[in-house]
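One-letter residues, chain by chain:
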Amino acid sequence: MPTTRSGTDWSLFGGAEVANPAESQSVVTPTDSSASSDDDNDAPLASESPLPAKYKLAGEEWAPKKVVPQQDPNDWLWMMTEEPHRTRRKAILAAHPEIKQLMGREPWTKWVSLFVTTLQLTMMYLLRDTPVLSWRFMLAAYVVGGTANQNVFLSIHEVTHNLAFKGVKANRLFAIFANLPIGVPFAMMFKKYHIEHHKFLAEDGIDTDMPTKLELIVLKNVLGKAFFATFQIFFYALRPGFVRQVAPTRWIALNAVTQLSFDALVVHFLGWNSMLYLLISSFMAGSLHPCAGHFIAEHYLFDGHDQETWSYYGPLNILTYNVGYHNEHHDFPSVPWTKLPALRNMAREFYDPLPNHTSWPGVTFRFIFDPKIGMFSRAKRHGPDGGAKGGDGGGDLTDGGIGGGLKDE
């Protein structure tokens, strides 16, 4: 079980269901003087060399490289290296072991999520008699509902990493509750796929965040990219079923039964207008909405670089649990949203060399109209059956699991 001197099991904070049983006999306690400490585990290996003279900042080792020759728009950028987050996490921990103090639960998550859920339930009640096609209804669904449900999506993202409550079961139950304003059950299925996204970033046939070959072929021009950006919520919802199906579980069933029961109650007591408000809000949240720009901004390639994860440090982070700090999040999934800015400040020499986005709406605009950016603008790796295999993306035995320990059983 990966622990610190205080006995905290950091693997759970990355989204693990249980601690790694292979580690259960090597717990470090304050009285175990013969066991290696976390500081020992995080220290650079003896064979590791100091910062090369050609780098002025430590993070320049992970700075993007120009893709030469220019990327073929008929295929992805195939990478023969592992994903960058595991090695950078190890280097950052070696330079800044104090970052461990940032890891753990964030009590504010449940209160913010509860407020936004209450807001959406109030809105659906107030709009119960408002015509669906009226400008008031649509404006409310876009401005209030789209923003609120994007916030709900990302609160579930936080809870997926077990960052709201102490126990795994409590986090799961809260995610099912937070799912209610979305109108469609997704929280428990999202957890399955999101864990794999961290563990096997950009791996073919595993990471369902990657566009499919059909999307690459069909959505090539401006019209196709505009269609994708408008209806991307459906692509993210349906793509996993075509790429990598997961076996249903009792938690997935509970999520579905709870959500569909709630929906039935809404329709029975408030009518279809209230139900449609929630569903349209979810569509708006994943369509041409300013906050929805993060979907494309996070992992698409821009400016001819091979940088596969991008951060955004602008004001929309206030509404989205700081998901714009995406390099920081992938490096340390066990650091909650409120402390990601502090993480960046602690390790600025690692993050300053990385290009970042300055506008999520600007990212969406560029994606649609720039011919050098498209569905092909993704780094991709061969899966377990061929080529290089990416790192675990969220903690492994070499870093004590504190990167995230993203294990879902």
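As a starting point, this report considers the structure included with it. (Residues numbered from 1 in each chain as written. Predicted model: local features only at pLDDT ≥ 70, side-chain atom pairs only at ≥ 80, totals over all residues. Heavy atoms only, no water.)

## Considerations on the overall build of the protein chain
Our working rule: A run of DSSP states H or I qualifies as a helix once it reaches four residues; a run of E qualifies as a strand once it reaches two. Both are numbered from the N-terminal end. The contact rule is simple, with two residues in contact once any of their heavy atoms fall within 4.5 Å. The Shrake-Rupley method, run with a 1.4 Å probe sphere, supplies the accessible areas, and residue values consider only the shown protein chains as cover.
Across its full length, the protein chain holds 16 helices and four strands. For the protein chain, restricting intrachain contacts to residue pairs at least 6 apart in sequence, the fraction spanning at least 24 positions comes to 79%. Within the structure as shown, the protein chain displays about 18,200 Å² of accessible surface, and the carbon and sulfur contribution to it stands at 65%.

## Remarks on unusual backbone geometry
For the record, the criterion: Think of it in three bands: residues with accessible area under 20% of the maximum for their type are buried, residues over 50% are exposed, and the middle band is partly exposed, with areas taken using a 1.4 Å probe on protein chains only.
Residue proline 69 is reached from valine 68 by a cis peptide bond, and omega for that bond is -5°. Mapped onto the elements of the fold, proline 69 is located in the loop between helix 1 (38-42) and strand 1 (77-78). Even without being glycine, tyrosine 321 reaches a positive phi, approximately 55°. Note on tyrosine 321: relative accessible area 3%, which makes it buried.

## Looking at the pattern of salt bridges
Pairs can form between side chains of opposite charge once their charged atoms are near each other. Formally: Any Lys or Arg side-chain nitrogen located within 4 Å of an Asp or Glu carboxyl oxygen qualifies as a salt bridge.
One pass over the full model with this rule turns up 12 salt bridges. Aspartate 331 is the partner of arginine 88 in a salt bridge, and the nearest nitrogen-oxygen pair spans 2.8 Å. Of this pair, arginine 88 sits in helix 2 (residues 85-95) while aspartate 331 sits in helix 13 (residues 326-331), and the two are 243 residues apart along the sequence. In this structure, the salt-bridge partner of aspartate 209 is arginine 378, at a minimum N-O distance of 2.9 Å. Of the two residues, aspartate 209 is situated in the loop between helix 6 (187-199) and helix 7 (213-218) and arginine 378 in the loop between helix 16 (360-369) and strand 4 (379-380); the sequence distance between them amounts to 169 residues. Taking relative accessible area as the criterion, aspartate 209 reaches 16% and is therefore assigned buried. Look at the salt bridges and you will find they share partners, linking Asp303, Arg366 and Asp370 into a network.

## Looking at helix 6
Just so we agree on the cut-off: Given a helix with a known number of residues, its expected span is that number minus one, times 1.5 Å.
In this model, helix 6 (13 residues) spans 18 Å end to end at C-alpha, consistent with the 18 Å of a helix rising 1.5 Å per residue. Of all 13 residues in helix 6, 10 are buried, a share of seventy percent or more. What helix 6 keeps buried is the set Ala187, Met188, Lys191, Lys192, Tyr193, His194, Ile195, Glu196, His197 and His198. Summarising the contacts, the buried residues of helix 6 are in contact with helix 4 (135-160), helix 5 (168-178), helix 9 (232-243), helix 10 (250-269) and helix 13.

## Some remarks on the packing of helix 3 (residues 108-126) against helix 4
Counted only if it meets this: Interaxial angles span 0 to 180 degrees and are taken between N-to-C directions of axes, which are lines fitted to C-alpha atoms, for helices over the stretch in contact. In this scheme the handedness of a crossing depends on how the near helix is turned from the far one: anticlockwise by less than a right angle means left-handed, clockwise means right-handed.
Running from N to C, helix 3 and helix 4 point in directions that differ by 150°, and their axes come no closer than 10 Å. When you trace helix 3 past helix 4, the crossing you get is left-handed. In this structure, helix 3 uses Thr109, Val112, Ser113, Val116, Leu119, Gln120 and Met123 to contact helix 4, whose residues at the interface are Ala140, Val144, Gly145, Ala148, Asn149, Asn151, Val152, Ser155 and Glu158.

## Some details on the environment of tryptophan 78
Rule in force here: Nitrogen and oxygen atoms within 3.5 Å of one another constitute a polar contact, given that in protein one can donate a hydrogen and the other can accept it, and given that sequence-neighbouring residues count only through two side-chain atoms.
Residue placement: tryptophan 78 occurs in strand 1. According to the relative accessible area criterion, tryptophan 78 is partly exposed, its value standing at 28%. Sequence-wise, tryptophan 78 and arginine 381 are 303 residues apart; in three dimensions their C-alpha atoms are separated by 5.7 Å. Residues contacting tryptophan 78, with those up to four places away along its chain left out, are Asp204, Lys380, Arg381 and His382. Within the structure, the side chain of tryptophan 78 is placed 3.1 Å from the side chain of aspartate 75, a separation counted as a polar contact.

## Examining helix 3
Heads up, the rule is: Each C-beta atom gives one direction from the helix axis, and the arc is the one those directions make.
Its 19 residues place the ends of helix 3 27 Å apart at the C-alpha level, agreeing with the 27 Å of an ideal helix rising 1.5 Å per residue. Looking at helix 3, one finds that the buried residues are Thr109, Ser113, Val116, Thr117, Gln120, Met123 and Met124. With its buried residues spanning 120° around the axis, helix 3 presents them on a single face. Exposed side chains of helix 3 directed beyond 90 degrees from the buried face belong to Trp108, Phe115 and Leu126. Those residues of helix 3 that are buried are in contact with helix 4, helix 5, helix 10 and helix 11 (272-285).

## Description of the packing of aromatic side chains
Rules: Within 6.5 Å between ring centres, the rings of Phe, Tyr and Trp (the latter by its six-membered ring) count as paired, and their orientation is classed by plane angle as stacked under 30 degrees, edge-to-face over 60, tilted in between. A ring has a charge above it when a Lys NZ or an Arg CZ is no more than 6 Å from the ring centre and no more than 35 degrees off the ring normal.
Counted according to the given criterion, the structure contains 20 aromatic pairs. In textbook terms, an aromatic cluster arises when at least three aromatic residues are bridged by ring pairs, as seen for Phe227, Phe228, Phe231, Phe234, Phe235, Phe283, Tyr300 and Phe367. Sitting over the face of the ring of tyrosine 236, arginine 239 holds its NZ or CZ atom 5.2 Å from the ring centroid.

## With respect to the nonpolar core
Rule in force here: The nonpolar core is taken to be a set of buried Ala, Val, Leu, Ile, Met, Phe, Trp, Tyr and Cys residues, with the residues joined through side-chain atoms within 4.5 Å.
Of all hydrophobic cores here, the largest spans 31 residues; its most connected members are Phe228, Ile296, Tyr300, Phe302, Trp360, Phe367 and Met375. With four residues, helix 16 is the single largest residue contributor to this core. Once residues within four sequence positions are removed from consideration, phenylalanine 228 is found in contact with Glu215, Leu219, Phe235, Tyr236, Arg239, Ile296, Tyr300, Phe367 and Met375. Ranked by size, the runner-up nonpolar core spans 18 residues in total, among them Phe153, Ala164, Ala178 and Met188.

## Description of the environment of phenylalanine 302
Tracing the backbone shows phenylalanine 302 in the loop between helix 12 (293-297) and strand 2 (311-312). What phenylalanine 302 contacts, discounting residues up to four positions off in sequence, is Ile296, Trp310, His357, Val363, Arg366 and Ile373.

## Comments concerning the side chain of glutamate 106
Definition in use: The sign given to each residue is positive for Lys and Arg and negative for Asp and Glu; His and the chain ends receive no count.
Inspection of the secondary structure puts glutamate 106 in the loop between helix 2 and helix 3. Lysine 339 is the oppositely charged side chain nearest to the buried, salt-bridge-free glutamate 106, at an N-O distance of 5.1 Å. Side-chain polar atoms of glutamate 106 contact the backbone nitrogen of tryptophan 108, separated by 2.9 Å. Once residues within four sequence positions are removed from consideration, glutamate 106 is found in contact with Leu163, Ala164, Pro336, Trp337, Thr338 and Lys339.

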